[in-house]
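Here are the chains, one letter per residue:
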Amino acid sequence: MTITESHYDFKLKYDRVDSLSKPDFNVAEIDWILNEAQIVYIKQKYGLNNTYKTGFEGIQKRSDDLKALHVKYPLQPKLALTAIVATELYELQLSTLTYDYWFMTGGKVEVIIGTCTTEATLKFMQEDDRGEIQDDPFNNSHKHEILYNLAKSITATGNGSIYLYPNGLTLGEISVSYIKKPERVSTGTYAYIDNVTYTEQGFELSEHTHSEIVDLAVEIAAGITDHPEFAQLKATKYMKSE
């Protein structure tokens, strides 16, 4: 669905078309609402706030829904880590990734033992549990699994960093997979709030998701205008699209 078709779909579902009456929302406002709907859609599909209470890759459809934003190796090359405290704490600044990072989906890191290099899986660790886990020899990092969490970067501003706790092991390069920030949709016919006129851009997500995103946009618009006709839209349409 092109951005023009997305606008038409929005107007039609909101019971407004150009041939009938002046739309309640101008082009820039519709773009804004479509972008808001896209953000809600991605968070809904990635997280557990949905009908089936399943996260990303919990069911096949969710993986299909977000595959256009899912960045993996080799599209995202391996990156070198910064040793904050050698063999104890390493950092990867998310600003060094190829694309704008939103949500992490997995990762592996090289573990260097003498002349040998193996690959370990990254395992998320809550900060509140760090002391307890690191004192537990069965749950602490080892050559097959390295603990990590995320926090504000030590030196850089922006999207934060991944911190790895290798329990005395020497780490090499890291490979990260993640959901990237989607392109902002725009008709490209007006100056944005930063006074820049962006080029025309449709939804980056897979074609089959576009109508669902427009449905969400209509619900958002209905909330803005207090439109009574759309009170049951979520119950009747979104449960079917999960």
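From a predicted model like this one, the values you see are computed outputs, not experimental measurements.

Draft legend 1. Broad picture of the overall build of the protein chain. Looking only at helices and strands, one finds six helices and nine strands in the protein chain. Looking at the protein chain as a whole, 41% of its 242 residues qualify as buried. In the protein chain, 63% of the contacts between residues at least 6 apart in sequence involve partners at least 24 apart.

Draft legend 2. A look at the pattern of salt bridges. For the structure on display, the rule yields 10 salt bridges. Because the salt bridges share partners, they merge into one network encompassing Lys45, Lys61, Asp65 and Glu212.

Draft legend 3. Spatial organisation of the packing of aromatic side chains. For the structure shown, the criterion picks out nine aromatic pairs. A ring pair is formed by Phe10 and Phe25, whose centres lie 6.2 Å apart and whose planes are at 70 degrees; its orientation type is edge-to-face. One end of the pair, Phe10, is in helix α1 (residues 3-13); the other, Phe25, is in the loop between α1 and α2 (27-46), and 15 residues separate them in sequence. Taken as a pair, Phe10 and Phe25 share a single burial class, namely buried. One residue, Arg184, lies across the ring of Tyr192, its end atom 4.2 Å from the ring centre. Note that Arg184 overlies the ring of Tyr198, its terminal NZ or CZ placed 4.7 Å from the centroid.

Draft legend 4. Just the side chain of Gln38, in detail. Relative to the assigned elements, Gln38 resides in helix α2. In this structure Gln38 comes out as buried when scored by relative accessible area, which is 1%. With residues up to four places along the chain from it excluded, the contact list for Gln38 reads Pro182, Glu183, Val185, Phe203, Glu204, Leu205 and Ile213.

Draft legend 5. The environment of Trp32, seen in detail. With respect to the secondary-structure elements, Trp32 resides in helix α2. On the basis of relative accessibility, which here comes to 43%, the residue Trp32 falls in the partly exposed class. Each C-alpha atom, one on Trp32 and one on Arg184, is 9.0 Å from the other, the two residues being 152 residues apart in sequence.

Draft legend 6. Spotlight on α2. With 20 residues, α2 should cover 28 Å at 1.5 Å per step; its first-to-last C-alpha distance of 29 Å lies within 8% of that length. Residue Asn26 occupies the N-cap position of α2, its side-chain oxygen lying 3.1 Å from the main-chain nitrogen of Ala28.

Draft legend 7. Local environment of the side chain of Asp215. Mapping Asp215 onto the fold places it in helix α5 (residues 210-225). On the basis of relative accessible area, Asp215 is assigned to the buried category, the value being 8%. A polar contact of 2.8 Å, which involves the side chain of Asp215, links it to the side chain of Lys13.

Draft legend 8. Representation of the nonpolar core in the model. One finds Phe10, Phe25, Leu34, Ile42 and Leu205 to be the most contacted residues of the largest nonpolar core, which totals 24 residues. For this core, the secondary-structure elements that each account for two or more residues are α1, α2 and α5. When residues in this core are grouped by element, the largest group, seven residues, is from α5. Setting aside residues no more than four positions away along its own chain, Leu34 makes contact with Ile3, Ser6, His7, Val185, Phe203, Ile213, Val214 and Ala217.

Draft legend 9. Spotlight on unusual backbone geometry. Residue Tyr73 is joined to Pro74 through a cis peptide bond whose omega torsion reads 10 degrees. With respect to the helices, strands and loops of the structure, Pro74 is situated in the loop between β1 (70-71) and β2 (79-80). Here the phi dihedral of Thr87 falls at roughly 65 degrees; this positive angle occurs in a residue that is not glycine. Tracing the backbone through its elements, the reader meets Thr87 in the loop between β3 (82-85) and β4 (89-93).

Draft legend 10. The arrangement of the packing of α1 against α5 in detail. The N-to-C vectors of α1 and α5 enclose an angle of 50 degrees; their axes lie 9 Å apart at closest approach. Considering the angle they form, α1 stands oblique to α5. By crossing handedness, the relation of α1 to α5 is classed as right-handed. Residues Ser6, Asp9, Phe10 and Lys13 of α1 form the contact with α5, whose participating residues are Ser211, Val214, Asp215, Ala217, Val218 and Ala221.

Draft legend 11. α1, seen in detail. Those residues of α1 not exposed but buried are Ile3, Ser6, His7, Asp9, Phe10 and Lys11. Where the residues of α1 are buried, they touch α2 and α5. Asp15, located one to two residues past α1, shows a positive phi value of around 65 degrees.

What counts, and at which threshold
Residues numbered from 1 in each chain as written. Predicted model: local features only at pLDDT ≥ 70, side-chain atom pairs only at ≥ 80, totals over all residues. Heavy atoms only, no water. Helix = DSSP H or I, 4+ residues; strand = E, 2+ residues; numbered from the N terminus. Buried < 20%, exposed > 50% of the residue type's maximum accessible area, 1.4 Å probe, protein only. Contact = heavy atoms within 4.5 Å. Salt bridge = Lys/Arg side-chain N within 4 Å of Asp/Glu carboxyl O. Phe/Tyr/Trp six-rings, centres within 6.5 Å; stacked < 30°, edge-to-face > 60°. Lys NZ or Arg CZ within 6 Å of the ring centre and 35° of its normal. Expected span 1.5 Å × (residues − 1). Polar contact = N/O pair within 3.5 Å; in protein donor to acceptor, adjacent residues only side chain to side chain. Core = buried A, V, L, I, M, F, W, Y, C linked by side-chain atoms within 4.5 Å. Axes fitted to C-alpha atoms, helices over the stretch in contact; angles between N-to-C directions. Parallel < 35°, antiparallel > 145°, perpendicular 65-115°, else oblique. Left-handed = near helix turned anticlockwise from the far one by under 90°.

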